Amino acid sequence: MITNTELEYKGNLYPNEIVNFVKDKDKFYFTTENGVVLEITVIQDRTIRFRYGTDHAFQPDFSYAIDPNASRGYSHLDCLETKTEYIIETSKLQVLIDKKTLRTQISDLNGNIINEDELGFHWEENYEHGGNTVKMSKITQHTESFYGMGDKATHSNLKGKRVNNWVMDQYAYAKDQDPLYKAIPFYIGLHSGQAYGVFFDNSFRTHFDFAHERRSTTSFWGDGGEMNYYFFYGPEMHKVVRAYTNLTGAPELPPLWALGYHQSKWSYFPESNVKEIAKKFRDLKIPCDALYLDIDYMDGFRCFTWDKKKFPEPKRMIDELYEDGFKTVVMIDPGIKVDKDYWIYQEAVENDYFCKRADGPRMKGKVWPGECNFPDFTNPAVREWWAELYKEFMAEIGVHAVWNDMNEPAVMEVPTKTAPLDTRHDYDGHPSSHRKAHNIYGMQMVRATYEGVKRYVYPKRPLVITRAAYSGTQRFASTWTGDNVATWEHLWIANVQMQRMCMSGYSFVGSDIGGFAEQPNGELFARWIQLGIFHPFCRVHSSGDHGDQEPWSFGTEITDIVRKFIELRYELLPYLYTMFWRYSKEGTPMLLPIVCYDQEDTQTHFRTDEFIFGEQILVCPIQEPNAKGRRMYIPRGDWYNYWTDEVVEGGKEKWVVADIDKVPLFIKAGAIIPKYPVQQYVGELEIKELILDVYFTEGTENSTVYEDAEDGYAYENGKFSLRNFKLLGKEKEMTIQQFKDGAFITTYETFKIKLHGLPFKIGKVEIDNEKTTIKDVMPDGDGTIYVSKDFTQLRITEE
Ligand code: GLC
């Protein structure tokens, strides 16, 4: 009998010397004398997986994070053996495995060390729960910086910090508070001009120490499961993010309206209030595409029901709103009210769909409806049932989109704020406790929601939003950063969080603009809108009991400013959609912190505020009251001030004027920015011409415009329009070439080209090598050029 569990504690255990080596195609197995097995898999030339088993065994290989469609394959693979080590080589990397210690070292093909083990893999046996606490420590390289890790509300450079991942409902969280709503155990390291990434795919609570405890060491560990991590080599940061996103997946294109402006509140009800809000948007001519219904639309907070007193005929209301361009988004939570007369509860009980405690009773917890049970979304049968529950909402009532909230799962009135750790889960046939399933629970809920919504809005595209997420959730849903606060500090947090999420493979993200808790004043609200329109998901949401937060709630001056910026978002929709297309296709992050834009410039390594929207627009929000402008760092290269067309040379800090009606905004010289006219909602107008804002540069720059039907799936069969523009500027000449792909026919025939910063007077315009009459192509007399959308070359010269 064991009476003292301390006796079982063996301290840290380490692998010893390698006694066996086996190669199996793209996998390599190294076994140590004391039974540790290291499996190295070459996923791609720059992506390598490291996995460690103890006692000669691995656990079943299963992950919710990995996209089943992730690409694999390498162009070169070699394995050598020396006296002291094994060497695996791809066309990008070399991995050394030390024969005595099993420690690894990764370098590029020139021998530059990118990442190396300090103690490497070690572990502690866990008597209480079984299994191991699995640990990895690495040497922190000289001047190394760290980025990524999801929604952490802290400085973008994580050097010197320790964080952990355990998805949590954190109402009114504070700066540096950790953990928050997401668990994204992925970081990027940057040193000596080289970037790499590490994704520790382990759904238990995981911990990361970035040279916090010891300056020379960076480590990560998990409370259970396996030491199982992927290494991605850049050397550019954006390539690291792309490789990670390729592995864990990118979302499909959303309907374009999902990128419009959205208005939410907890809660708009009854129907007359929703209609009033809708009318006000149209009366005041403030563009808006979606209105949100929070929990109060439900009957006693029972999911998939309607409070018929507040919303007597939901279908009619949703149809009427839609006639005016509004899409209706409704909330669904995971907690199912314990109520024997509620059909969903009955179905779940009959089919045994609820999570159970270790000894058998159903897991119970309080949420909005009172006592609830929680479906086990890690069971495929439960997910299928859940998906089908959306049939009536989407296909019959006509709801357009769904947001899943409280899916950490959040439980009220208990100190842990979530399910007890002994709660059991199916984990897709790998039964587990909540310790292992907690971080992926919300992900599996929203995955089921996505399946259902997609099925029943078809042939249109789904929009689903989630609060909790684990790596890979981006395949199913967009997300927001939870219950923030209406303070200037939270505006700073929102800026950092969105950039960080984009660097963590999760670009479709936004904050509750203006703050969820408490009420902003007009100035803060306007400044937040000026940031929020540059976030991929753009929604105002607030907890209604703190006052109103509609664009018109702060007087006419603020209303006018807010309108102007929402209009700018609508003008930039083709640019934003192109950004999304790139994210969806290539995994390219939609927002780049400037360190990702120019990692060789060390000035960028500790900047938090400036970011690149897409590839060619530089934004830097104003984050304090009474500002008339701010100092900001302009990355290297030439940039046009959006408001004045003044050209500034980057590579330095600069004071930029931005009174309350402006935000510091710059366009990269050489860029061609596509714009639509302002619409009150996506699809309101037929686009008659595509505006191209052309920013002259001496040299070359490429720009892209992606378009399609803005909804539906025809684009998958070639019905898209992709235009690649190449601008070549010289002292007295500018040429734009267009390369077109795809079979989608845009509604417009003409480009309206607005030239910025042209250093010469236009004397001659040639289209596809034919001379034109200036009067014909420039009828407005203000330098605007009208040209057929089919041109292949436009040449403008002085003579
Ligand atoms: C949670 C959500 C918030 C929502 C509220 C009521 O706090 O984060 O967005 O409004 O619940 O449903």
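Residues numbered from 1 in each chain as written. Predicted model: local features only at pLDDT ≥ 70, side-chain atom pairs only at ≥ 80, totals over all residues. Heavy atoms only, no water.

K.L.:
Lay out the sheet that holds strand β10 (residues 132–139) with the relevant residues and their values.
P.N.:
Here 9 strands make up an open sheet; going across it, the order is β5-β6-β7-β8-β9-β10-β17-β16-β12 and the pairing antiparallel. Of all the strands in the sheet, just β5 (77–81) and β12 (162–165) have a single pairing partner and so form its edges. On average, adjacent strands in this sheet sit at an angle of 15 degrees to one another, irrespective of strand direction. Inspection of the sheet shows strand β16 (residues 206–210) paired to strand β17 (residues 217–222) by 5 bridges, in the antiparallel sense. (Pairing = 2+ DSSP bridges. Helix = DSSP H or I, 4+ residues; strand = E, 2+ residues; numbered from the N terminus. Axes fitted to C-alpha atoms, helices over the stretch in contact; angles between N-to-C directions.)

K.L.:
Account for the site of the ligand, naming residues and giving values.
P.N.:
The full set of residues close to the ligand is W266, D294, I295, M331, W368, W403, D405, R467, W480, D483, F516 and H541. Between the ligand and D294 there is a distance of 2.5 Å, counted from an oxygen atom to a side-chain nitrogen or oxygen. Between the ligand and D483 there is a distance of 2.5 Å, counted from an oxygen atom to a side-chain nitrogen or oxygen. For the ligand, the accessible surface in isolation is 310 Å², of which the surrounding protein chains cover 98%. Classifying every residue of the shell around the ligand gives 7 nonpolar, 1 polar and 4 charged. (Near = heavy atom within 4 Å. Polar contact = N/O pair within 3.5 Å; in protein donor to acceptor, adjacent residues only side chain to side chain. Areas by Shrake-Rupley, 256 points an atom, 1.4 Å probe, with all protein chains shown as cover. Nonpolar A, V, L, I, M, F, W, Y, C, P; charged D, E, K, R; others polar.)

K.L.:
Let's hear about the sheet that holds strand β2 (residues 27–32): which residues, and what values?
P.N.:
The sheet built from 8 strands is open, its strands ordered β1-β2-β3-β4-β18-β15-β14-β11 with antiparallel pairing. Every interior strand has two partners, whereas the edge strands, β1 (18–24) and β11 (145–148), have only one. Between one strand axis and the next, the sheet turns through 20 degrees on average, direction left out of account. Across the sheet, helix α1 (residues 237–248) lies against β3 (37–44), β4 (47–53), β11, β14 (186–191), β15 (194–200) and β18 (227–233), angled at about 25 degrees from β15, the strand it touches most. (Contact = heavy atoms within 4.5 Å.)

K.L.:
Give a description of the nonpolar core that names residues and reports values.
P.N.:
W306, I332, W386, F393, F534 and F613 are the most contacted members of the largest nonpolar core, which totals 206 residues. Of all the elements, helix α6 (residues 434–457) adds the most residues to this core, at 11 residues. Aside from chain neighbours lying at most four places away, what touches F534 is L568, R569, L572, L591, F611, F613, V619, V663 and L665. Grouped together as the second largest cluster of nonpolar side chains are 38 residues, F30, L38, M149 and V198 included. (Core = buried A, V, L, I, M, F, W, Y, C linked by side-chain atoms within 4.5 Å. Buried < 20%, exposed > 50% of the residue type's maximum accessible area, 1.4 Å probe, protein only.)

K.L.:
Explain the packing of helix α5 (residues 380–397) against α6 to me, using residue names and the numbers behind them.
P.N.:
Packing of α5 against α6 leaves a shortest axis separation of 7 Å and a crossing angle of 40 degrees. Relative to α6, the element α5 lies oblique. Once α5 is placed against α6, the crossing between them reads as right-handed. Every residue of α6 that contacts α5 at R383, E384, W386, A387, E388, Y390, K391, M394 and A395 is listed here: Q444, M445, R447, A448, T449, E451, G452, V453, R455, Y456 and V457. Across the contact of α5 with α6, the residue classes tally to 10 nonpolar, 3 polar and 7 charged. (Parallel < 35°, antiparallel > 145°, perpendicular 65-115°, else oblique. Left-handed = near helix turned anticlockwise from the far one by under 90°.)

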